[in-house]
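# What the coordinates show
Next come the chains, spelled out residue by residue.
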Amino acid sequence: DGASVVDFGDAAGWTRATQIETFLGRLYVTDEGGNQIYRYDIGAYDQAAPWFQPTTQVNLSDLKTMRIDGDIWLLYEDGKVVRYRQGEQLPYSLDSSVALPAEPADLWVGQDGDEAIYLADRLTERILVFEKANGAYLEQFQATEGAPLRDLRSLFVDRVHSTQYLLTDSSLYQERLPR
C-alpha cells in the first residue's frame, strides 16, 4: 500500500529521537538528546505526553534498547538495565554472580506470564536470562560449537511457541527454548 508520513506536531521539540516502541496501542518515542520519552495515544500523534515525571533524574545518553511491558526497561551500552514505572525509577539491578554483558546487543522483556528478561551479549555470543522481579540470574544460552552467534544484533522471544529468534549480521536463527 505504500508508506505514509506520520505528522508529529511537536517533533520539532525532539533533540535526538533514537528509539520507538509500542504498548497497548500507544507509541513511545525516546528523545535521547532531550532526556525524555514521549507517549502518543492512537491517532493523536500531534499530542505528546512526556512520560518521565519532572522530578525524575534520567540520563538517556548511551541508550541501547527500550522495551515496555507496562514498565519501561532501558538497556545501556555498558550493560546496565534500568526499570521505570509510572515515570519513576524503581530499584533494580541484575545479579552480579554471573559476568554481565561485555557488549550488550539487545534486551527482550517477557510478557503474558513470562517473568524473565533476556539480554543478548554480542561479544561473548550468548543470551543471559534473569528474573524480572528481582534480577536473579536464571540461565544462559550459547552455541554448543562454532561461532554462529558472532555479531549478534537482536533477539525476539516467543514464549507461546517456546522459540527465540536471534539476528546476527549475516543470519537469522530460530531456536527452541529449553524451559
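Anything mentioned here points back to the structure above.
Residues numbered from 1 in each chain as written. Predicted model: local features only at pLDDT ≥ 70, side-chain atom pairs only at ≥ 80, totals over all residues. Heavy atoms only, no water.

This part takes up the sheet that holds strand β10 (residues 116-121). The strand order across the open sheet formed by 4 strands is β9-β10-β11-β12, and the pairing between neighbours is antiparallel. Both outer strands of the open sheet, β9 (104-109) and β12 (137-142), are each paired with one neighbouring strand and no more. With direction set aside, neighbouring strand axes in the sheet form an average angle of 20°. As paired elements, β10 and strand β11 (residues 126-131) share 6 bridges and run antiparallel to each other. Across the sheet, residue Tyr118 finds its bridge partner in β11, namely Val129. (Pairing = 2+ DSSP bridges. Helix = DSSP H or I, 4+ residues; strand = E, 2+ residues; numbered from the N terminus. Axes fitted to C-alpha atoms, helices over the stretch in contact; angles between N-to-C directions.)

The subject of this paragraph is the sheet that holds strand β13 (residues 152-158). Read across the open sheet, the 3 strands follow the order β13-β14-β15; overall the sheet is antiparallel. Of all the strands in the sheet, just β13 and β15 (172-176) have a single pairing partner and so form its edges. On average, adjacent strands in this sheet sit at an angle of 20° to one another, irrespective of strand direction. Where β13 lies against strand β14 (residues 163-168), 6 bridges are found, and the strand directions are antiparallel. The residue bridging Asp158 from the neighbouring strand is Thr163, located in β14.

Right, let's talk about the packing of aromatic side chains for a bit. For any pair of aromatic rings, geometry is given as the distance between the ring centres together with the angle between the planes. This structure, assessed with the given rule, holds 8 aromatic pairs. Taking 5.9 Å as the distance between ring centres and 70° as the angle between the ring planes, the aromatic pair formed by Phe130 and Tyr137 counts as edge-to-face. Owing to a relative accessible area of 0%, Phe130 belongs among the buried residues under this scheme. (Phe/Tyr/Trp six-rings, centres within 6.5 Å; stacked < 30°, edge-to-face > 60°. Buried < 20%, exposed > 50% of the residue type's maximum accessible area, 1.4 Å probe, protein only.)

Counting through the fold element by element, Thr55 comes out in the loop between β4 (49-50) and β5 (63-68). Classification of Thr55 as exposed rests on a relative accessible area of 65%. When the C-alpha atoms of Thr55 and Glu88 are compared, they prove to be 8.5 Å apart, with 33 residues separating the residues in sequence.

Before going further, it helps to spend a moment on the pattern of salt bridges. Opposite charge on two side chains permits them to pair, given that their charged atoms come into close proximity. As enumerated under the stated definition, the model contains 13 salt bridges in all. Glu21 is the partner of Arg67 in a salt bridge, and the nearest nitrogen-oxygen pair spans 3.3 Å. Taken together, the residues span a long stretch of sequence, with Arg67 in strand β5 and Glu21 in strand β1 (residues 17-23) at a distance of 46 residues. Glu21 shares its class with Arg67; the two are buried. Between Asp169 and Arg153 there is a salt bridge, with the nearest N and O atoms lying 3.1 Å from each other. Here Arg153 lies in strand β13 and Asp169 lies in the loop between β14 and β15, a separation of 16 residues in the sequence. A single network of salt bridges, built from pairs that share partners, joins Glu103, Arg122, Asp151, Arg153 and Asp169. (Salt bridge = Lys/Arg side-chain N within 4 Å of Asp/Glu carboxyl O.)

Turning to the nonpolar core, a few remarks are in order. Residues Tyr28, Ile37, Ile72 and Leu74 are the most contacted members of the largest nonpolar core, which totals 15 residues. Within the residue set of this core, elements represented by two or more residues are β5, β6 (72-76) and β7 (81-85). Residues within four places of Tyr28 in sequence aside, it is in contact with Gln19, Ile20, Glu21, Phe23, Ile37, Tyr38, Arg39, Trp51, Met66, Ile68 and Ile72. Counting residues in hydrophobic clusters, the runner-up holds 14 residues, among them Trp108, Ala120, Leu152 and Leu155. (Core = buried A, V, L, I, M, F, W, Y, C linked by side-chain atoms within 4.5 Å. Contact = heavy atoms within 4.5 Å.)

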